Amino acid sequence: MISALAWVRKGVAAERPARYEMTEEEYTRLQTEAAAEINDAKRELKEKSMVDSELLNDPALKDFDLEHYDSSDEDETSEKQDGPHIFSNIKGLSFYNEDEEDPDLDLDEDEEAEEEQIFASDNLLLVAKTEDDISNIEVCVFESESDNLFVHHDFMLPAFPLALEWLDFRVGRKADQPGGGNYVAVGTFEPSIEIWDLDTLDAAYPDLVLGTSDKRVLRKSRNKPHGEFHTDAVMGLSWNKNVRNLLASSSADTTVKLWDLSKGACVQSYSHHKDKVQAVQWHPSEASVMLTGGYDKRVAAFDSRVPDAISSWKVDADVESVMWDVHSPNHFFVATESGTVRYFDIRNANNGKGGAPVFTLTAHDEAVSAMQQHPNIAGVLVTGSADETVKVWDIRDKPSMVLSRNPDVGSVFAAQFCPDEPMLLAVAGSNGESRVWDLATNAQVRSTFGDAAFAAKPVQEKPLVGIQHDEDEDEDAENSHEAVIAELRGSEHPAAAAASGEDSDTSMASEN
């Protein structure tokens, strides 16, 4: 399944990404981490053995010799001879500084360099994907002139990904280099945040990790928020484009945290929510103002410098996402699990209590699990849902639905407009497929949002563009968004129902 997407603008990516080279310090760190994991496993095994020993010494079961019921003399001899030596001498592995020095490699360097080249006319599409319990980020190249989408490179993640946020603030190895970078911050079921350099191939480690991965420290803080790091899944991320060294995160530990990327440390923690915090977003122009939403059915807007002065709004269900209106920054959208989208005016709050929504969309039959506003064309709103549909809305004047379609990605978890193309939308969902949809070629969209000349010009609608995969990769398509949310909530959640056909929706908009 695909749980998140993010676009990268044209011209940002390095034309020829560098290959990752592990340093001596990282070899040492790998050994240390491996040793710590082995020690943790031994300790857990010892604790389990103590429990098993009590069971095996039960007089009523002693005659059954349960301790050796599946052992043989041959197995015991083998266990004595073999040990956990996989990571015990990693420095003994052979590695070569240059590919031509490796006798096992016979590469055509020119051909390889050509395949790895990224042109200034290419967009990158970042895809957070999970198959067979293995999670990774696929860095895809989209060639708009030929409508070609392919995986350029990828890197593995430690757990199921929940949030992606692109940023250009340099960290890690390139922190001292001038100019902007090309990075992605990743939130997963782990409590730490990983920041990866997208201009590096075959990376073994992220360039920066925010928070702690020390299991002993996390065990002590289990079920308790901590002021310096998250103690549960990171569900939302937002990079501050006005103060570029700041990253905000929201977590299942009920806190929102503010990170200084130049220091790699948490500088502020907020605890105004009473349940898991699903979403966070910085204001597009007010550098210190942010918006958060959680499973306590509350949305909060506040100045990060004055965290006690919070205005909050109640909604009808758990919050799936929040989003400032970039075309009217005093307003914001809230998508909920009940299938509604609410539009609020931040000025309509009295003594910290938010007022009624300006309008409410009964958008979907299932949770609104994706929501995106067009960054340049006012009035264009896209929603995606567990009901497997993507809908385009005209929210100018009285909101109305323009188009509804099943893009054949299963339950829709992500929808993102391309920053460089007029109406190019990427969508992805539970069946592990991503699609690029050129809305500008759809007649209904053109007649609604185009000027008279644009709308009158006949254009044949383009099919959705996707990445071709082997048939075997589709075996886990039944993984659902509800299963992921159920794990975060700690409860069961019903499976999503099948979507209705195109344009058969009965969505409505109401104004208060």
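What you are looking at is a predicted structure, and each value in this text was computed from that prediction instead of being measured.

**A look at the packing of aromatic side chains**
The geometry of an aromatic ring pair is captured by two quantities: the separation of the ring centres and the angle between the planes.
(1) Moving on: Inspection of every chain in the model, using the stated rule, returns 11 aromatic pairs.
(2) Moving on: Ring centres 6.0 Å apart and planes at 90 degrees place the aromatic pair tryptophan 166 and tryptophan 239 in the edge-to-face group. Of the two residues, tryptophan 166 sits in strand 6 (residues 161-167) while tryptophan 239 sits in strand 11 (residues 234-239), which places them 73 residues apart along the sequence.
(3) Moving on: With a relative accessible area of 21%, tryptophan 166 lands in the partly exposed category.
(4) Moving on: Among the residues examined, tryptophan 239 registers a relative accessible area of 5% and is labelled buried.
(5) Moving on: Pairing phenylalanine 333 with tyrosine 343 gives two aromatic rings, centres 4.8 Å apart and planes at 50 degrees, and the pair type is tilted. Of this pair, phenylalanine 333 sits in strand 20 (residues 331-336) while tyrosine 343 sits in strand 21 (residues 340-345), and the two are 10 residues apart along the sequence. The pair phenylalanine 333 / tyrosine 343 is uniform in exposure class, with both members buried.
(6) Moving on: Grouped by ring-pair contacts, the aromatic residues Trp313, Trp324, Phe332 and Phe344 constitute a single cluster.

**Things to note about the sheet that holds strand 13 (residues 256-260)**
(1) Moving on: Within the open sheet, the 4 strands sit side by side as 11-12-13-14. Their pairing is antiparallel. Where the open sheet ends on each side, the last strands, each with one partner, are strand 11 and strand 14 (265-270). In this sheet, adjacent strand axes meet at a mean angle of 25 degrees when their direction is disregarded.
(2) Moving on: Two strands pair when backbone bridges link them, and strand 13 and strand 14 are joined in this way by 5 bridges, in the antiparallel orientation. By the bridge assignment for strand 14, leucine 258 is matched with glutamine 268.

**As for the pairing of strand 8 (residues 193-197)**
(1) Moving on: Buried residues dominate strand 8, accounting for 5 of its 5 residues.
(2) Moving on: Here strand 8 shows no split at all, with Ile193, Ile195 and Asp197 on one side and Glu194 and Trp196 on the other all buried.
(3) Moving on: By the bridge criterion, 5 bridges tie strand 7 (residues 183-188) to strand 8 in an arrangement that is antiparallel. Residue pairing for strand 8: alanine 185 is matched across the bridge by isoleucine 195.
(4) Moving on: Two successive antiparallel strands, strand 7 and strand 8, enclose a turn made up of 4 residues.

**Brief notes about the side chain of arginine 170**
(1) Moving on: Considering the arrangement of structural elements, one finds arginine 170 in the loop between strand 6 and strand 7.
(2) Moving on: Although buried, arginine 170 forms no salt bridge, and the nearest oppositely charged side chain, aspartate 197, lies 6.2 Å from it.
(3) Moving on: Of note is the side chain of arginine 170, whose polar atom sits 3.1 Å from the backbone oxygen of glycine 179.
(4) Moving on: In terms of polar contacts, arginine 170 uses its side chain to reach the backbone carbonyl oxygen of glycine 180, at 3.0 Å.

**Some details on the pattern of salt bridges**
(1) Moving on: Applying the stated criterion across every chain yields a total of 19 salt bridges.
(2) Moving on: One salt bridge connects aspartate 316 with arginine 342, and the closest N-O pair in it is separated by 2.9 Å. Of this pair, aspartate 316 sits in the loop between strand 18 (310-314) and strand 19 (319-324) while arginine 342 sits in strand 21, and the two are 26 residues apart along the sequence.
(3) Moving on: The class for aspartate 316 is partly exposed, based on a relative accessible area of 36%.

About the cut-offs
Residues numbered from 1 in each chain as written. Predicted model: local features only at pLDDT ≥ 70, side-chain atom pairs only at ≥ 80, totals over all residues. Heavy atoms only, no water. Phe/Tyr/Trp six-rings, centres within 6.5 Å; stacked < 30°, edge-to-face > 60°. Helix = DSSP H or I, 4+ residues; strand = E, 2+ residues; numbered from the N terminus. Buried < 20%, exposed > 50% of the residue type's maximum accessible area, 1.4 Å probe, protein only. Pairing = 2+ DSSP bridges. Axes fitted to C-alpha atoms, helices over the stretch in contact; angles between N-to-C directions. Lys, Arg positive; Asp, Glu negative; His and termini not counted. Salt bridge = Lys/Arg side-chain N within 4 Å of Asp/Glu carboxyl O. Polar contact = N/O pair within 3.5 Å; in protein donor to acceptor, adjacent residues only side chain to side chain.

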